[in-house]
Every structure is written in structure tokens, then in C-alpha cells.
Amino acid sequence: QVQLVESGGGLVQAGDSLRLSCAGSGRAFTHYNMAWFRQAPGKEREFVAQIVFSGGSTHYADAVKGRFTISRDNAKNTVYLQMDSLKAEDTGKYYCATTAGPRPSGSKQSDYDYWGQGTQVSVSS
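Now for a quick tour of the structure. (Residues numbered from 1 in each chain as written. Predicted model: local features only at pLDDT ≥ 70, side-chain atom pairs only at ≥ 80, totals over all residues. Heavy atoms only, no water.)

This part takes up the overall build of the chain. Counting its secondary structure elements, the chain contains zero helices and eleven strands. Secondary structure elements of the chain, listed N to C terminal, follow the sequence β-β-β-β-β-β-β-β-β-β-β. For 125 residues, the compact-globule estimate of 2.2 N^0.38 gives 14 Å, and the C-alpha radius of gyration of the chain, at 13 Å, lies within 12% of that figure. Taken along its principal axes, the extent of the C-alpha atoms in the chain is 40 × 25 × 25 Å. In the chain, which comprises 125 residues, the share counted as buried stands at 45%. Positive and negative side-chain charges of the chain, numbering 13 and 11 respectively, have mean locations separated by a distance of 3 Å. (Helix = DSSP H or I, 4+ residues; strand = E, 2+ residues; numbered from the N terminus. Rg over C-alpha atoms; globule rule 2.2 N^0.38 Å. Buried < 20%, exposed > 50% of the residue type's maximum accessible area, 1.4 Å probe, protein only. Lys, Arg positive; Asp, Glu negative; His and termini not counted. Charge placed at Lys NZ, Arg CZ, Asp CG, Glu CD.)

Rendered as C-alpha cells:
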């Protein structure tokens, strides 16, 4: 059973930084792309960032480009999201996701098969 557990969320002020972690279990994640999504209150879940299985390629939503960095440690089955220069509009629940097989994935929720329960990020202005 594949499980993803996010951690690292919290309440911060605008301009602060946070580092989210997503620990995977139930299989080795070495060959699978992983991504972060977020959902603000009253809004649909949206893509934040994606990293391919090797860690050699990343893709970001325009809203976070230049401020967020996704990375992974395959030896620890963990993916990270470093969030700098946080803004109030970054507030939301952050979810990590991965695919069921070693296949291409992008920015659509339907590209991913397994999801964590999420961690809340709140940014006060």
C-alpha cells in the first residue's frame, strides 16, 4: 500500500520561508515522478511543482516560479518543497502526489494516482 505523508506546514508571515516534506512508503519511489499541488479555501486544487524520477528536471506553476524549489532524496523516499518569499496568496493545503507507474506526468491532477492527506500552510500579511 503506497502512502504519502506531508509535514512542515504552519503559520508564517509574508516574506518568511517554509520547507515542506513528503515521505513515501509502500514502495521505492526512485522511478516515479512526484508533484506538489495546493488548494486554497473555496478554490480548486492547483498544480505547484513537479520533479521527474531522476530529479534532473523540474516544472513550476508561474505563480511560484523563482520562489519555490522542489527537490527529492530517493534514498529517503522523500520529496521536498522549499518555499521562500511567501505571500498571503500562497495560503492553502499542500498535497504531494505520485504516479502508479513509471510514466510521464505533468500539471494535471489526473496525471497522479496516489495522494497524501495534505499539510496546511497559512501566510499572514
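W36, L81, M83 and Y94 are the most contacted members of the largest nonpolar core, which totals 30 residues. The set of elements that each furnish at least two residues to this core consists of β3 (18-25), β4 (34-39), β5 (46-51), β7 (68-73), β8 (78-83), β9 (92-98) and β11 (119-124). Ignoring anything within four residues of it in the chain, the contact list for Y94 reads E6, L20, W36, F37, R38, V48, F68, L81, M83, G118, T119 and V121. (Core = buried A, V, L, I, M, F, W, Y, C linked by side-chain atoms within 4.5 Å. Contact = heavy atoms within 4.5 Å.)

Along the chain, R67 turns up in the loop between β6 (58-60) and β7. Look at R67 and you get buried, because its relative accessible area is 10%. A polar side-chain atom of R67 sits 2.9 Å from the main-chain carbonyl oxygen of A63. When sequence neighbours within four positions are dropped, the list of residues in contact with R67 reads Q82, M83, D84, S85, L86, K87 and D90. (Polar contact = N/O pair within 3.5 Å; in protein donor to acceptor, adjacent residues only side chain to side chain.)

Right, let's talk about the sheet that holds strand β1 (residues 3-7) for a bit. Sheet strands line up and pair through hydrogen bonds in the backbone, either parallel or antiparallel. An order of β1-β3-β8-β7 is seen for the four strands of this open sheet, with the pairing classed as antiparallel. If you trace the sheet from one side to the other, it starts and ends with β1 and β7, each paired once. Taking each pair of neighbouring strands and ignoring which way they run, the sheet shows an average axis angle of 15°. As defined by bridge partners, β3 adjoins β8 across six bridges and the pair is classed as antiparallel. The residue bridging L18 from the neighbouring strand is M83, located in β8. (Pairing = 2+ DSSP bridges. Axes fitted to C-alpha atoms, helices over the stretch in contact; angles between N-to-C directions.)

Summed over all chains, the structure comprises one disulfide. Note that C22 is cross-linked by a disulfide to C96, the S-S spacing being 1.9 Å. Since a negative S-S torsion denotes a left-handed disulfide, the C22-C96 link at about 50° is right-handed. Here C22 is found in strand β3, whereas its partner C96 is found in strand β9, with 74 residues between them in sequence. (Disulfide = S-S within 2.5 Å.)

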